[in-house]
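# Secondary and tertiary structure notes
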Amino acid sequence: MNDSSLSEELKNGIERIVLFPVRMRHRRRAREKRKARTDALKTVRHTLEGATQLRAGSATTVFNVGMYLLLLDQDIAYFTDDLVCAIGDRRRAFLAKHEAVLLYEAAEDLPQLLGREFRDAAKALGASADQVARLNLVSSDLNQFWQGHREFLGTIRNALAAHRDHDALGYADALETLKPLEVMGRAAELSQLLERLVTVVSELASLTVGPATIIRDMLASSKRGKAG
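Residues numbered from 1 in each chain as written. Predicted model: local features only at pLDDT ≥ 70, side-chain atom pairs only at ≥ 80, totals over all residues. Heavy atoms only, no water.

## Observations regarding the overall build of the protein
The number of helices and strands found in the protein is nine helices and zero strands. Helices and strands in the protein line up, N terminus first, as α-α-α-α-α-α-α-α-α. A burial count over the protein gives 37% of its 228 residues as buried. For the protein, the computed accessible surface area is about 13,700 Å², with 57% contributed by carbon and sulfur atoms. (Helix = DSSP H or I, 4+ residues; strand = E, 2+ residues; numbered from the N terminus. Buried < 20%, exposed > 50% of the residue type's maximum accessible area, 1.4 Å probe, protein only. Areas by Shrake-Rupley, 256 points an atom, 1.4 Å probe, with all protein chains shown as cover.)

## Side note on the side chain of Glu 99
Structurally, Glu 99 is set in helix α4 (residues 89-113). No salt bridge is formed by the buried Glu 99; its nearest oppositely charged neighbour, Arg 186, is found at 10 Å. If we ignore the near neighbours within four places in the chain, the residues touching Glu 99 are Ile 76, Phe 79, Thr 80, Leu 83, Val 183, Met 184 and Ala 187. (Lys, Arg positive; Asp, Glu negative; His and termini not counted. Salt bridge = Lys/Arg side-chain N within 4 Å of Asp/Glu carboxyl O. Contact = heavy atoms within 4.5 Å.)

## Let's talk about the layout of surface pockets
Volume-wise, the largest pocket comes out at about 680 Å³. Among the secondary structure elements, those contributing two or more residues to the lining of the largest pocket are α2 (20-53), α3 (57-85) and α8 (180-206). Take the lining of the largest pocket: its biggest share by element is 10 residues, from α8. Taken together, the residues that form the lining of the largest pocket break down as 12 nonpolar, six polar and seven charged. (1 Å grid on protein atoms, 1.4 Å probe; cavity = no way out; pocket = protein on both sides within 12 Å on 5 of 7 lines; lining within 4 Å. Points joined across faces, edges and corners; volume = space filled by probe spheres on them. Nonpolar A, V, L, I, M, F, W, Y, C, P; charged D, E, K, R; others polar.)

## Quick word on a positive patch on the surface
A contiguous patch of positive charge on the surface is contributed by Arg 25, Arg 27, Arg 28, Arg 29, Arg 31 and Lys 33. The topology assignment puts Arg 28 in helix α2. (Patch = residues over 30% accessible without salt bridge, like charges linked within 9 Å, V, L, I, M, F, W, Y side chains within 5 Å. Charge placed at Lys NZ, Arg CZ, Asp CG, Glu CD.)

## Side note on the pattern of salt bridges
Overall, the coordinates contain 10 salt bridges when judged by the stated rule. In this structure, Arg 92 engages Asp 89 in a salt bridge whose closest nitrogen and oxygen atoms are separated by 2.9 Å. In this pair, Arg 92 and Asp 89 both sit in helix α4, three residues apart, roughly one turn of the helix. Under the relative-accessibility criterion, Arg 92 is labelled buried at 15%. Overall, Asp 89 belongs to the partly exposed group, its relative accessible area being 46%. Between Asp 130 and Arg 134 there is a salt bridge, with the nearest N and O atoms lying 3.0 Å from each other. Here Arg 134 and Asp 130 lie together in helix α6 (residues 129-161), a separation of four residues that amounts to about one turn.

## A few points about the nonpolar core
Membership of the largest hydrophobic core comes to 53 residues, with the highest contact counts inside it found for Val 62, Ile 76, Phe 118, Leu 190 and Leu 197. Elements with a minimum of two residues in this core: α2, α3, α4, α5 (116-124), α6 and α8. (Core = buried A, V, L, I, M, F, W, Y, C linked by side-chain atoms within 4.5 Å.)

## Considering the packing of α3 against α8
Contact pair α3 / α8: the axes reach a minimum separation of 9 Å and the direction vectors enclose 155°. Accordingly, the angle class assigned to the pair α3 and α8 is roughly antiparallel. Crossing angle aside, the handedness with which α3 passes α8 is left-handed. Two secondary-structure elements touch here, α3 through Val 62, Phe 63, Val 65, Gly 66, Leu 69, Leu 72, Asp 73, Ile 76, Thr 80, Leu 83 and Val 84 and α8 through Pro 180, Met 184, Ala 187, Leu 190, Ser 191, Leu 194, Leu 197, Val 198, Val 201, Leu 204 and Ala 205. Considering only residue class, the contact of α3 with α8 consists of 18 nonpolar, three polar and one charged. (Axes fitted to C-alpha atoms, helices over the stretch in contact; angles between N-to-C directions. Parallel < 35°, antiparallel > 145°, perpendicular 65-115°, else oblique. Left-handed = near helix turned anticlockwise from the far one by under 90°.)

## Some remarks on the packing of aromatic side chains
By the definition in use, this model includes one aromatic pair. Geometrically, the ring pair formed by Tyr 104 and Trp 146 is edge-to-face, given 5.0 Å between the ring centres and 70° between the ring planes. One end of the pair, Tyr 104, is in helix α4; the other, Trp 146, is in helix α6, and 42 residues separate them in sequence. There is no split in this pair, since Tyr 104 and Trp 146 are both buried. (Phe/Tyr/Trp six-rings, centres within 6.5 Å; stacked < 30°, edge-to-face > 60°.)

## Here's the deal with the environment of Lys 33
When you line up the elements, Lys 33 lands in helix α2. A relative accessible area of 57% places Lys 33 in the exposed class. Distance in space between the C-alpha atoms of Lys 33 and Ala 77 is 9.2 Å, their sequence separation being 44 residues.

## Here we look at the environment of Leu 175
Tracing the backbone through its elements, the reader meets Leu 175 in helix α7 (residues 168-177). Taking the C-alpha atoms as reference, Leu 175 lies 10.0 Å from Ala 96; in sequence the two are 79 residues apart.

Shown next as C-alpha cells:
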C-alpha cells in the first residue's frame, strides 16, 4: 500500500469516528420523515388511481402533481442521506454531481407542471383566494430558484454528470473542484420550496373528498372530452 492510499484510508477512518454522532442523528430524523412520506405516497397513489378510473379530470391533475412532488422530495432525500453518510471526497463528489442533475431537471420542469392545466384544475375544485395566492408565491419562488441556480447546476450537469465534454483533463479538474456542500445547500433550498408546495397541493386535494365535488368534476371532464 503506497503512502497516498494509506493517507486516504487514515483520513476516512478519522472521518467515520468524528462524524458518527452527526450521521446517527441524521439517520433518526430521516427515518421519521421517510415513514411519513411513504405513507403519504401510498395514499396519494391510491387516490390518483381511483380518480383516473372515474375520469375525474381536475382531481387527477391535482393528485398527479402531488405524487410527483412527493417522489421528487423522496429522491432528493435519498441523495441527501447518502451524501451525509458517504465516506471520502470521491464518493461525495460522485453523489453530488448526480444530485445536481436532479435539481436542474426538477427546477426546469416544475413551472410546466404548475402551469395552466394545474391552475384550471385548482380553480375548478374551488381553490380559495388565499390558496391561489400562496400557490402563486411559491411558484414565483421556484422560478427565482431556477434563475438563481440554473447556471451553477447546469455547469455540473453538462461537465460532469452528462459527460458532454470529452476533455478528460477538464472533467477531472471539474470533479476535483466540485463542492458537495454547495449542491446540498441548493437541495435543502428546493426541499423547503417543495414542502410549501406540498402543503398547498394537499389543501387542494382535500377539496375533492366530497361526493358532490367528484360528480361535478366527472361531468366537467366528460364535457371537455366531448368538446375536444
